[in-house]
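Each chain is listed here by its residues.
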Amino acid sequence: VYATARRVESIADLEAKGCKTLALDVCDEASMQAAVDHVVAAEGAVGALVNKAGYSQSGALETLDMADVRRQFETNVFGLLRMSQLCLPSMRDQGWGRIVNISSMGANFVFPGGGIYHATKYAVDAMSDALRFEVKEFGVDVVIIQPGLIVTEFGETAATSTPSSDDGPYAKVNAHGAKMKAEAYKGPMAKLGAGPDAVAKVVEKAITTGNPHIRYRVTPSAKLLLAMRRLMTAGMWDAAMKSQYPQPGKT
């Protein structure tokens, strides 16, 4: 198992557990190419690729800096696609492989202030569905994992990425969205979530099982919210969001 991170020292503990560690930045072409070349040279091919780099850029769409939007897509979408492109040739040559893409329950619905993050996850699911068809006959499976609330620092990171302002037409919705994200991962909603190990176990299953599911949903929060969304029209979902978020422009 090769574990990667932008700052390889941050995953030094995994090396003690038997992983080989590599530096990898999914926003840097040379870094991605070097990491894949290293594994192919050492192992002959990449057997399984787990694309999990991602973060949440939050905020009302009009308030977002386009450089931040592009960085969000570079990390969550373009890096995932490029890593898949780099790993597929060796997988096809050996006649088997598996690509596991970490998406989100947010690939199925949108929260106010989360348009860009949710858009990246919609994109991950769309690309994964297309790729699954394209590479199946080469012996390569593509699996999507959609976690719900995973109790990490994700919520705090998302909250700090939200544009902050004491005034302006979106100040209240941005502030409220940041507060809800920070609290969701530590408040009562966290009881419907799980720790990172829950996702790791599903990743292991997706890699090792003979006939993997197309999608795996992880945590009660994902299953509950997805079931609710399937039962609601777009208008009903909007009404539900109005009950939870302040509406910009409404006093």
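Every residue gets a number counted from 1 within its own chain, in the order that chain's sequence is written. Residue-level local features of this predicted model are given only where pLDDT is at least 70; pairs of side-chain atoms are given and counted only at 80 or more, and the full residue set underlies all totals for whole chains, interfaces and linings. In computing side-chain properties, one takes all heavy atoms of the structure into account and sets aside hydrogens as well as water.

Colleague: I'm lost on the environment of isoleucine 11 in this one. Help?
Modeller: Working definition: helices are DSSP H or I runs of at least four residues, strands are E runs of at least two. Numbering for both runs from the N terminus. Assignment of secondary structure puts isoleucine 11 in the loop between β1 (2–5) and α1 (12–16). Taking the C-alpha atoms as reference, isoleucine 11 lies 7.4 Å from threonine 21; in sequence the two are 10 residues apart. Residue contacts are counted whenever heavy atoms from the two residues lie within 4.5 Å of one another. Discounting chain neighbours no more than four positions away, the residues touching isoleucine 11 are Ala3, Thr4, Ala5 and Thr21.

Colleague: Please explain unusual backbone geometry as it appears in this structure.
Modeller: Excluding glycine, a negative phi dihedral is what most residues carry, and trans is how most peptide bonds are arranged. Even without being glycine, threonine 219 reaches a positive phi, approximately 90 degrees. Position of threonine 219 among the secondary structure elements: in the loop between β6 (215–218) and α8 (220–231). Between buried and exposed lies partly exposed: a residue is buried under 20% and exposed over 50% of the maximum accessible area for its type, with that area taken using a 1.4 Å probe on protein chains only. What makes threonine 219 buried here is its relative accessible area of 7%.

Colleague: Before we go on, may I ask you to explain the packing of helix α2 (residues 29–43) against helix α3 (residues 66–94) in this structure?
Modeller: The packing of two helices is summarised by the inter-axis angle and the distance between the axes. Remark: α2 packs on α3, axes separated minimally by 10 Å, with the N-to-C direction vectors making an angle of 30 degrees. In terms of orientation, α2 lies roughly parallel with respect to α3. Handedness of the crossing formed by α2 with α3: right-handed. On α3, the residues touching Glu29, Met32, Gln33, Val36 and Val40 of α2 are Gly79, Arg82, Met83, Leu86, Cys87 and Ser90. Each residue is assigned to one class: nonpolar for Ala, Val, Leu, Ile, Met, Phe, Trp, Tyr, Cys and Pro, charged for Asp, Glu, Lys and Arg, and polar for all the others, Gly among them. Split by residue class, the contact of α2 with α3 holds six nonpolar, three polar and two charged. A fitted line through C-alpha atoms serves as each axis, taken over the contacting stretch for helices, and the angle formed by two N-to-C directions is quoted from 0 to 180°. Working rule for angles: under 35 degrees goes down as roughly parallel, over 145 as roughly antiparallel, 65 to 115 as roughly perpendicular, anything else as oblique. Less than a right angle of anticlockwise turn of the near helix away from the far helix marks a crossing as left-handed, whereas a clockwise turn marks it as right-handed.

Colleague: What should I look at first to understand the side chain of asparagine 101 in this one?
Modeller: Note on placement: asparagine 101 falls in strand β4 (residues 97–102). Apart from residues lying up to four places away in sequence, asparagine 101 is in contact with Asn51, Leu80, Val124, Ser128, Val142, Val143, Ile144 and Ile145.

Colleague: Can you help me understand the pairing of strand β5 (residues 140–147) in this one?
Modeller: Within a regular beta strand, the side chains point alternately toward one face of the sheet and then the other, so they alternate between its two faces. In terms of burial, β5 is largely enclosed, as eight of its eight residues are buried. Neither face of β5 is open: one carries Val140, Val142, Ile144 and Gln146, the other Asp141, Val143, Ile145 and Pro147, and all of them are buried. Bridging between β4 and β5 involves six bridges; their strand directions are parallel. Bridged to isoleucine 102 within β5 is isoleucine 145. If the strands point away from the viewer and the path from the first strand over the helix to the second runs clockwise, then the crossover is right-handed. Handedness of the crossover joining β4 and β5 through helix α4 (residues 115–135): right-handed. The rule for pairing is simple: two strands pair if DSSP sees at least two bridges between them. As paired strands, β5 and β6 are joined by four bridges and run parallel to one another. Bridge pairing in β6 links isoleucine 144 to arginine 215.

Colleague: How should I be thinking about the nonpolar core in this particular structure?
Modeller: For soluble globular proteins, the rule of thumb is that nonpolar side chains tend to be buried together. Counting 19 residues, the largest nonpolar core has Val46, Leu49, Met83, Leu88, Met91 and Ile99 as its most contacted members. Mapped by element, the contributors of at least two residues to this core are α2, α3, α4 and β5. By residue number, the principal contributor to this core is α3, which donates five residues. In this structure methionine 83 touches Leu24, Val26, Met32, Val36, Leu49 and Asn51, once residues within four positions along its chain are discounted. Residues Ile102, Ile145, Val199 and Ala206 belong to the second largest nonpolar core, which totals 11 residues. We call a set of buried Ala, Val, Leu, Ile, Met, Phe, Trp, Tyr and Cys residues a nonpolar core when their side-chain atoms join them within 4.5 Å.

Colleague: Sorry if this is basic, but what is going on with the sheet that holds β6 here?
Modeller: Pairing between the strands of a sheet is mediated by backbone hydrogen bonds and can be parallel or antiparallel. Taking strand neighbours across the sheet as the criterion, the four strands line up as β3-β4-β5-β6 in an open arrangement whose pairing is parallel. The outermost strands of the open sheet, each flanked by one partner alone, are β3 (48–51) and β6. The mean angle between the axes of side-by-side strands here comes to 15 degrees, regardless of whether they run parallel or antiparallel. Here four bridges tie β3 to β4, and the two strands are oriented parallel to one another. Bridging from a neighbouring strand, valine 50 pairs with valine 100 of β4. In this fold α3 packs onto β3, β4 and β5, with an angle of close to 180 degrees to the strand it touches most, β3. Here α4 sits on the sheet in contact with β4, β5 and β6, set at roughly 160 degrees to β5.

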